[in-house]
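# Structural description and commentary
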Amino acid sequence: MTSIGIHDLAVATTHHVLDLAELAEATGVEPAKYHRGLGQEQMSFPAPDEDIVTMGASAAAPLLAEHGTDGIRSLLFATESGVDQSKAAGVFAHHLLGLPSTVRTVEFKQACYGGAAALQTALGIVARNPEERVLVIASDVARYELDGPAAPTQGAGAVAMLVSADPALLAIEPHSGVHTADIDDFWRPNDTTTPLVDGALSLQTYLDALLGSWGDLQAHGGPGVDEIDRFLYHQPFTKMARKAHAALFRHEDRPVDESALETSFLYNRQLGNSYTASLFVGLAALLDHDDDLAGRRLGLFSYGSGSVGEFLTGIVQSGYRERRRREATESVLAARVPLTVEEYRALHVSYTDDSDERETPRTTAAPFRFAGVRDRIRRYERTA
Ligand code: HMG
């Protein structure tokens, strides 16, 4: 049977970054709470002319430049920070990327789980017709209430993945474990720009979904813990992945070995939470920095509050080292322009601006920008 999975993957983020040591100092918190307690160093923050569309298109552009558009008939855009209640953010990205009209475009939503849901759907489309390729974009801006307890777990980022038969990076295996439970741990009513969160409940329901989906994977003949070489978890903050790994290994009566986890934190520690993209940013970091992955099995756990969890597994392909994009990802992270805490606060407040007519200042150095709103219509443009 043909293998299907992730052929190529690219990461994009925002123009700005806030150092959490500065946020800690400004709010009278010990920096160690953010650095060690949450496992976070920095968080990406969008300029006024950036959003999920510009980040998503920026992540996808290098994939299309390299592989062309032949065979792509679907663009699946996962996000929980949608810019419109009706129109899919992917339709804006479709235009910016110059995709043919013969590409269907749709938005996926179930909190942070949307990225894994889009990936699963892409696998199904390619299984039906292995000549098709699917462009999956997961893009989010994680913004919580200013100065609330969740503020240090904000962030932003996007991942674009080309899903195809005979993938060069990761062949996803057919069995997965899923877990859905109607829980109010994190949600965002239609009239709010920041989510409501029950932090303590969200930590517990994440772990419940992990063990629930793991149990389902086992019930469907999936691999056991000893047959998985590296574990990747959704990273709302990197410490959460440590908690998840410990819970899974305790459940399986195994000593907890965290050694390989750290590699998957390298980008998320600097990006913060990127919701739908977060798990795949962790995958990018692992592939980019671990040279001993060929033929190895990865376990990937996606969690979306509300809640849905899924545990997937995949086999890293032998040529993955030639396909990875470490330099590009490191340079977008290094190029971010630091914000002072005052600038961050001002930008945070400005995001509630929903006026019918506005022009955004030209700030981003990314290939696409959000130009503002005219006649209540969002306008996007290329920067070059
Ligand atoms: P909090 O109340 O600020 O933090 O909220 P805390 O007091 O629980 O401390 C956090 C950790 O720092 C603790 O570590 C402390 O001990 C430690 P732990 O005991 O848990 O291992 N700590 C220190 N460490 C070193 N030096 C110190 C120090 N002080 C304290 N001086 C919370 C934390 C995560 C709840 C909050 O930030 C929050 O609500 N975040 C948003 C919700 C979230 O991220 N939940 C995660 C699971 S749900 C999920 O992943 C889905 C999500 O991505 C959304 C979606 O699906 O769409 C969020």
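Along each chain, residue indices are assigned from 1 in the same order as the chain's sequence is written. Local features in this predicted model are restricted to residues whose pLDDT is 70 or higher, and side-chain atom pairs enter the listing and the counts only when it is 80 or higher, whereas totals over whole chains, interfaces and linings include all residues.

## A closer look at the overall build of the protein chain
Note the threshold: By the criteria applied, helices consist of DSSP H or I runs no shorter than four residues and strands consist of E runs no shorter than two, each listed in order from the N terminus. Note that the radius of gyration is over C-alpha atoms, with the globule rule given as 2.2 Å times the number of residues to the power 0.38. Residues are called buried when their C-beta atom has 20 or more other C-beta atoms within 10 Å, exposed when it has 12 or fewer, and partly exposed otherwise; all C-beta atoms are positioned from the backbone. Two residues qualify as a contact pair if the distance between their C-beta atoms, derived from the backbone, is within 7 Å.
For the protein chain, the count of helices and strands is 12 helices and 18 strands. Here the C-alpha radius of gyration of the protein chain, 19 Å, is about what a compact globule of 384 residues would show, namely 21 Å. With the C-alpha coordinates of the protein chain rotated into their principal frame, the extents come out at 55 × 50 × 40 Å. The buried share among the 384 residues of the protein chain stands at 51%. Contacts in the protein chain between residues at least 24 apart in sequence constitute 77% of all its contacts with a sequence separation of at least 6.

## Thoughts on the UniProt feature "domain: Hydroxymethylglutaryl-coenzyme A synthase N-terminal" (unreviewed entry) in the protein chain
In plain terms, the rule: UniProt positions are given in the numbering used here, feature names are shortened, and annotations may be inferred rather than shown by experiment.
The feature "domain: Hydroxymethylglutaryl-coenzyme A synthase N-terminal" (unreviewed entry), as given by UniProt, occupies residues 3-166 in the numbering adopted here. Segment residues 3-166 splits into 34% helix and 30% strand. End C-alpha atoms: 5 Å apart.

## Thoughts on the UniProt feature "binding site: (3S)-3-hydroxy-3-methylglutaryl-CoA" (unreviewed entry) in the protein chain
In the numbering used here, UniProt assigns the "binding site: (3S)-3-hydroxy-3-methylglutaryl-CoA" (unreviewed entry) feature to Y144, K243 and N273. Looking at the secondary structure, you find K243 in helix α7 (residues 238-251). By the secondary structure assignment, N273 is in the loop between α8 (268-271) and α9 (278-289). Here N273 is in contact with A142, T153, Q154, G155, P236, F237 and S278, once residues within four sequence places are set aside.

## What to know about the site of the ligand
Keep this limit in mind: Working rule for contacts: place C-beta from the backbone, and if it is within 6 Å of a molecule or strand, that residue counts as near it. When residue character is reported, Ala, Val, Leu, Ile, Met, Phe, Trp, Tyr, Cys and Pro are called nonpolar, Asp, Glu, Lys and Arg charged, and the others, Gly included, polar.
Around the ligand lies a shell of 28 residues, among which G37, A111, C112, G199 and P236 are the nearest. Of all elements in the fold, only α2 (31-38), α6 (199-219), α7 and β13 (297-304) reach the threshold of two or more residues within the shell around the ligand. A per-element tally of the shell around the ligand places α2 first, with 5 residues. Class assignment for the residues of the shell around the ligand results in 15 nonpolar, 8 polar and 5 charged.

## Comments concerning the domain arrangement of the protein chain
Which entries qualify depends on this criterion: Domain limits in this description derive from either an automatic procedure or a database domain assignment.
Once the domains are mapped, the protein chain shows domain 1 (4-170 + 323-382) and domain 2 (172-320). Here the C-alpha centre of domain 2 lies 19 Å away from the C-alpha centre of domain 1. Across the boundary between the two partners, domain 1 contributes 52 residues, which contact 45 residues of domain 2. It is strand β7 (residues 155-165) that contributes the most residues to the side of domain 1 that touches domain 2, 6 residues altogether.

## Notes on the sheet that holds strand β16 (residues 358-359)
Cut-off, in case you're wondering: Pairing between strands is defined by DSSP: at least two bridges between them are needed. Axis angles are defined between N-to-C directions and span 0 to 180 degrees, where every axis is a line fitted to C-alpha atoms and, for a helix, only to the segment in contact.
Sheet architecture is open: 3 strands sit in the order β16-β17-β18, paired in antiparallel fashion. Either end of the sheet is taken by a strand with one partner, and the two such strands are β16 and β18 (377-382). The sheet contact formed by β16 and strand β17 (residues 368-374) spans 2 bridges and is antiparallel. In the strand pairing of β17, E359 is matched with G372. Running at roughly 155 degrees to β17, helix α3 (residues 52-67) makes contact with β17 and β18 of the sheet.

## Overview of unusual backbone geometry
Among all residues except glycine, the phi angle is most often negative; among peptide bonds, the trans geometry is most common. A cis amide bond links G306 to the next residue, S307, at an omega of 10 degrees. Within the chain, D253 stands out as a residue other than glycine whose phi angle is a positive 55 degrees. Structurally, D253 can be placed in the loop between α7 and α8. Residue D253 is classed as exposed on the basis of its 7 C-beta neighbours within 10 Å. Of note, the phi angle at D375 is positive, near 55 degrees, even though the residue is not glycine. In this fold, D375 is placed in the loop between β17 and β18.

## Some thoughts on the sheet that holds strand β15 (residues 337-338)
The strand order β3-β2-β15 describes an open sheet built from 3 strands, whose pairing is mixed. In this open sheet, the two strands that pair with only one neighbour each are β3 (42-45) and β15. Pairing geometry for strand β2 (residues 16-19) and β15, over 2 bridges, is parallel. Residue pairing across strands places H16 opposite V337, the latter belonging to β15.

## Here's the deal with the packing of α3 against helix α4 (residues 89-96)
Under the convention used in this document: Angle categories are assigned with fixed cut-offs, so that under 35 degrees is roughly parallel, over 145 is roughly antiparallel, 65 to 115 is roughly perpendicular, and the rest are oblique. It is the rotation of the near helix from the far one that decides the hand of a crossing: anticlockwise by less than a right angle makes it left-handed, clockwise makes it right-handed.
Direction vectors running N to C along α3 and α4 enclose 50 degrees, while the axes themselves pass 9 Å from each other. By the angle between their directions, the pair α3 and α4 is classed as oblique. Viewed along their axes, α3 and α4 form a crossing whose handedness is right-handed. Contacts between α3 and α4 involve I52, V53, G56, A57 and A60 from the former and A89, F92, A93 and L96 from the latter.

## Regarding α6
What counts is decided by this rule: An expected span of 1.5 Å times one less than the residue number is assigned to each helix.
Spanning 21 residues, α6 covers 30 Å between terminal C-alpha atoms, matching the ideal 30 Å at 1.5 Å per step. Turning to α6, its buried residues number three or more, namely S202, T205, Y206, A209, L210, G212, S213, W214 and L217. After α6 finishes, the residue G221 shows a positive phi value of roughly 80 degrees.

## Quick notes on the confidence of the model for the protein chain
Here is the rule we go by: One number per residue, pLDDT, summarises how confident the predictor is, and it ranges from 0 to 100.
For the protein chain, mean pLDDT is 97; residues scoring 70 or higher make up 100% of the total. Reported confidence for the predicted complex is 0.99 by ipTM and 0.98 by pTM.

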